[in-house]
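Close look at the chain arrangement
Here's the letter readout for the chains.
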Amino acid sequence: MDIRTGFFYLFSAILLIAAFRVITARNPVYAALFLVLAFFQASAVWLLLKAEFLAISLVLVYVGAVMVLFLFVVMMLDINVDSIRQGFWKHFPLAASIGALIALEMAAVLLGGFPIGEGTASATAQPAAAAAVQYSNTKELGKLLYTQYLYPLEIAAVILLVAIVAAIALTLRTRKDSKHIDPSLQVRVKARDRVSIVKLPSVQQAPAPVAPEAAPEGKA
């Protein structure tokens, strides 16, 4: 077993453990962190398969954006973990059956292999090996994105831009229960508009004592 195969088994084992901990962790924050670990291991496996673009996209999009946002939401909300886990063991048999079925289907596909015709295998082995030396997945994907799929890419970019503008517009709505502060008014504030200095004499005469009133003669 070479070092590449060893790294594949190492990354795959950590990926399976992290994926299992995602569904068994009691704390949602820990589950999200285990999901981030699973994404990193999957990107490492893709790097071993020479799929650099998919590995970088997984790290940047899912780990760098989606999971960070999910962690912020989970930590900001007051989530009742006990109510979430009430139906876990109730639905566990069905989930385990579906997972086992998917695992068997994947094993049937992968163990069968991907056969190549015997006549074409020997003829194309050397040209394919020579072409793979100068082949770049990222370069070929860039050519396809900016030539054949240029218009769908631009449409997706416009849709994302509209979504960003809409999200910003939703946060700028005027709410009656919040105090709005205009930064331009704060910048134009001057000291004389906020503080007024009043001059008072340093020494003041004490007021004269008031004599008590004499009581009436009939009332002693």
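Residues numbered from 1 in each chain as written. Predicted model: local features only at pLDDT ≥ 70, side-chain atom pairs only at ≥ 80, totals over all residues. Heavy atoms only, no water.

Our next topic: the overall build of the protein chain. Looking only at helices and strands, the protein chain features ten helices and zero strands. Reading the helices (α) and strands (β) of the protein chain from amino to carboxyl end gives α-α-α-α-α-α-α-α-α-α. Put simply, the protein chain has 220 residues, and 10% of those count as buried. Taking all contacts inside the protein chain whose residues are at least 6 apart in sequence as the whole, residues at least 24 apart take part in 61%. (Helix = DSSP H or I, 4+ residues; strand = E, 2+ residues; numbered from the N terminus. Buried < 20%, exposed > 50% of the residue type's maximum accessible area, 1.4 Å probe, protein only. Contact = heavy atoms within 4.5 Å.)

The full count for this structure, using the stated rule, is three aromatic pairs. Consider the rings of Phe-7 and Phe-11, whose centres lie 5.8 Å apart with planes at 20°: the pair is stacked. Here the residue Phe-7 and the residue Phe-11 both occupy positions in helix α1 (residues 3–24), the gap between them amounting to four residues, near one helical turn. Phe-7 sits in the partly exposed class, given a relative accessible area of 38%. In this structure Phe-11 comes out as buried when scored by relative accessible area, which is 19%. With centroids separated by 5.4 Å and ring planes inclined at 50°, the aromatic side chains of Phe-39 and Tyr-62 adopt a geometry described as tilted. You can see Phe-39 sitting in helix α2 (residues 28–48) and its partner Tyr-62 sitting in helix α3 (residues 52–76), a full 23 residues away along the chain. (Phe/Tyr/Trp six-rings, centres within 6.5 Å; stacked < 30°, edge-to-face > 60°.)

Look at the UniProt record and you will see "transmembrane region" (unreviewed entry) annotated at residues 6–23, 30–49, 55–79, 91–114 and 149–172. A helix fraction of 100% and a strand fraction of 0% characterise residues 6–23, whose end C-alpha atoms lie 27 Å from each other. Segment residues 149–172 splits into 92% helix and 0% strand. End C-alpha atoms: 35 Å apart. (UniProt positions renumbered as here; feature names shortened; annotations may be inferred.)

With that settled, the discussion passes to a nonpolar patch on the surface. Among the surface-exposed residues, Trp-46, Leu-49, Phe-53, Leu-54, Leu-141, Leu-144, Leu-145, Tyr-146 and Tyr-149 lie close enough to one another that they form a single nonpolar patch of about 830 Å² accessible area. The set of elements that each furnish at least two residues to the nonpolar patch consists of α3 and α7 (137–148). (Patch = residues over 30% accessible without salt bridge, like charges linked within 9 Å, V, L, I, M, F, W, Y side chains within 5 Å. Areas by Shrake-Rupley, 256 points an atom, 1.4 Å probe, with all protein chains shown as cover. Salt bridge = Lys/Arg side-chain N within 4 Å of Asp/Glu carboxyl O.)

This part is about the side chain of Ser-43. Relative to the assigned elements, Ser-43 resides in helix α2. With sequence-adjacent residues up to four places away left out, Ser-43 is seen in contact with Ala-55, Leu-58 and Val-59.

Right, let's talk about helix α5 (residues 88–112) for a bit. Residues spaced three or four apart along an α-helix point in a common direction, a consequence of the helix completing one turn every 3.6 residues. The end-to-end C-alpha distance of α5 is 35 Å, a good match for the 36 Å that 25 residues give at a rise of 1.5 Å each. Where α5 bends most, at Leu-94, the angle is about 30°. Just downstream of α5 lies Gly-113, where phi reads positive at about 80°. (Expected span 1.5 Å × (residues − 1). Bend = angle between axes of the 7 residues up to and from the residue.)

Another point: the nonpolar core. Within the largest apolar cluster, ten residues are counted, these being Val-29, Ala-32, Val-36, Phe-39, Ala-42, Leu-58, Val-63, Met-67, Leu-71 and Val-74. Aside from chain neighbours lying at most four places away, what touches Ala-32 is Met-67, Phe-70 and Leu-71. (Core = buried A, V, L, I, M, F, W, Y, C linked by side-chain atoms within 4.5 Å.)

This part is about the layout of surface pockets. In this structure, the largest pocket occupies an estimated 260 Å³ of space. Approximately 230 Å³ is the volume found for the second largest pocket. What lines the second largest pocket is simply Phe-20, Ile-23, Thr-24, Phe-88, His-91, Phe-92, Ala-95, Ala-96 and Gly-99. Those elements that provide at least two residues to the lining of the second largest pocket are α1 and α5. Take the lining of the second largest pocket: its biggest share by element is six residues, from α5. Across the lining of the second largest pocket, the residue classes break down as six nonpolar, three polar and no charged. (1 Å grid on protein atoms, 1.4 Å probe; cavity = no way out; pocket = protein on both sides within 12 Å on 5 of 7 lines; lining within 4 Å. Points joined across faces, edges and corners; volume = space filled by probe spheres on them. Nonpolar A, V, L, I, M, F, W, Y, C, P; charged D, E, K, R; others polar.)

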